[in-house]
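So you can see what is in the structure, the chains are spelled out below.
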Amino acid sequence: MLPAILSDELQLIDDFRGMGYDLEVEAVRIAHSMDMLTTPYAFNADESTRMAKAGADIVVAHMGLTTSGSIGAKSGKTLDDCVKEVQQIQEAALKVNPEVIVLCHGGPIAKPEDAKYILERCKGVHGFYGASSMERLPVEEAITGITKSFKNITASSSGSAVFRQTSNPFATSPRFARTFSALTMVQDPFKPARRVAGQRQDVWSIVNEAAGAYNQEHGAGSVVNMGQGFFGYNPPEFVLNAAKDALDKVECNQYSPTKGRPRLKKAIADAYSPFFGKQIDPETEVTITTGANEGMLSAFMGFLEPGDEVIVFEPFFDQYISNIEMPGGKVVYVPLHPPKDGATKTTSAGDWTLDMKELESKITDKTRMMVVNTPHNPVGKVFSREELQAIGDLCVKHNIIILSDEVYDRLYYVPFTRPSTLSPEIANLTLTVGSGGKCFYCTGWRVGYLIGPEHLIKYVSAAHTRICFSSVSPLQEATAVAFEQAEQHNFWEESKKSMKAKMDKFNEVWDELGLPYSDPEGGYFVLVNFAKVKLPEDYEFPPHVASRPRDFKLSWFFIKELGIAAIPPTEFFTDANAHIVEDWLRFAVCKDDEVLEKAKERLRGLKKYIQ
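Remember, it's a predicted structure, so these values are computed and weren't measured experimentally.

K.L.:
Quick question: what am I supposed to make of the environment of A52 here?
P.N.:
Inspection of the secondary structure assignment puts A52 in helix α2 (residues 45–53). For A52, a relative accessible area of 6% corresponds to the buried category. Residues A52 and E99, 47 residues apart in the sequence, show an inter-C-alpha distance of 10.0 Å. If sequence neighbours within four positions are ignored, A52 has contacts with A93 and V96.

Take a look at the structure:
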């Protein structure tokens, strides 16, 4: 800091390089908000008050330039002057914050006996703040001895000062403990936190790397992207028009309430109440989030303490894992078991089964939540009413919150059951996750929502407020209109019919090639088995692909040789269970029909590799 110190011979100007005391106060406020230790100078009671209000941890009562030594100031305050001024600064700081530490510094307080003099006569001053008295003067008076003398000063509660060996006076404060322990070591300032460090290259960047190389060689947009689950076409016209209209409204271009725009919450409550068999309260039982993914993160942030366990079924949406681990949760995996003949013939996605005894064996006294995804990504399974009842009963028995990820809830091709509808007891423990982006073909809008009982929703809302405060206003308004008008446009039925037709049309190529697949019961993903595809033995894969399971090699090969991108599903399994799907790839069919036809044509290039 650059203090303003006035003496007979020297004036250090407070606004040097534009740095005024107001900016110093602001800097302390910002540093305090970042949990940094702050030790600003205060030259009078007013400045002491301002620094204490800014959150200063230590207020240093500065008495001016140090007067001792061969180059010290030639004039300055007396020690008795300092006693009065230090006391005023101390009283001003503690009036704002009784826990603030006040130290004396500067002017004639240059030697241990000077500091002792001040501390004996001032009440509530905790010690001395050394600068030139420990940097410059000790060179003249033996640096080691005088520093030890300063360390041996302490103050009793009565205000009298004594010399004795003392431990770190700040040891009782966690912030001070962290700060002073850090002084003993040199740390890498760029070392990342454990929650984001040490992660291997993710599947999305590997697929995009290969697709980028293909496009560079064959022209922009050449690769057919059947990998990520974004739509290849726009939302319907009535939804787009709603977004355009919202942008013209002043209130839709400002912050929305943290729980979401009232119109959207009401539209969602009206749309879902018939499914839930009751009237959903939009004010207490619905909250809007920045996409379903952020909504799930908010749920985990709202209920998990470090060490709490969350049960997740394999395969899983990869974001579940980081979302659970971010607040310190522990993921406990339970696999879905594929049909025994799934590698040799086409089977239903519903044939992937969950062993209920295995599931219950994974429940402990630390189990806090369980994630259920139906319709399932990437399998395409719609959990049956019986399966969900068994899961729900276990959660009621063990008092476990259910996070029901139902973002594909409008795309089901067999009877669909929502866990919240099974019983009042199960509904009492269930948070239902939905996605406006998935419903209306606009995944980039990032409009998600959660529905559940007030005693759960309010904590999701609280976490969401701290993560991103509120979600995009005009797109919330547009999504509200989309829900309001969907029925009159027969959108839900047409959407389901269209997606099922795309799925059936695309899957014709697997029947043609004699490759088995898992016929989806819902959603827009299909898993296909390529055990019959023989990759060239001398084909060169980059090291970060060669070291991964076979499905990564299949994915890379498909992009580089066929120009079609698909996702290796071992990314959605633990290493222990990755073998279950190492011969499979996942394809997203939410694309234009002409894109699907182009993909089918390219996939016919596999014929020469099938054995």
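K.L.:
Explain the pairing of strand β14 (residues 401–405) here, please?
P.N.:
Buried residues dominate β14, accounting for five of its five residues. Of the two faces of β14, both are covered, the one formed by I401, L403 and D405 as well as the one formed by I402 and S404. The handedness of the strand β13 (residues 367–373) to β14 crossover, carried by helix α15 (residues 385–398), is right-handed.

K.L.:
Please explain the sheet that holds strand β15 (residues 430–435) as it appears in this structure.
P.N.:
The pairing of strands in a sheet comes from backbone hydrogen bonds and takes either a parallel or an antiparallel form. Strand order in the open sheet made by the eight strands is β8-β16-β15-β14-β13-β9-β10-β12, with mixed pairing throughout. The open sheet is flanked by β8 (286–289) and β12 (353–354), the only strands paired with a single partner. Where helix α11 (residues 262–276) meets the sheet, its contacts fall on β8, β15 and β16 (448–451), and the angle it forms with β8 comes to roughly 125 degrees. Against the sheet, α15 makes contact with β9 (309–314), β12, β13 and β14, and its axis sits at roughly 165 degrees relative to β13, the strand it touches most.

K.L.:
Got a minute to help me understand the environment of D351 in this structure?
P.N.:
You can see D351 is positioned in the loop between β11 (347–348) and β12. Counting along the chain gives 14 residues from D351 to H337, while the straight-line C-alpha distance between them is 8.4 Å. Setting aside chain neighbours within four positions, we find D351 in contact with H337, P338 and P339.

The rules behind the values
Residues numbered from 1 in each chain as written. Predicted model: local features only at pLDDT ≥ 70, side-chain atom pairs only at ≥ 80, totals over all residues. Heavy atoms only, no water. Helix = DSSP H or I, 4+ residues; strand = E, 2+ residues; numbered from the N terminus. Buried < 20%, exposed > 50% of the residue type's maximum accessible area, 1.4 Å probe, protein only. Contact = heavy atoms within 4.5 Å. Right-handed = clockwise from strand over helix to strand, strands pointing away. Pairing = 2+ DSSP bridges. Axes fitted to C-alpha atoms, helices over the stretch in contact; angles between N-to-C directions.

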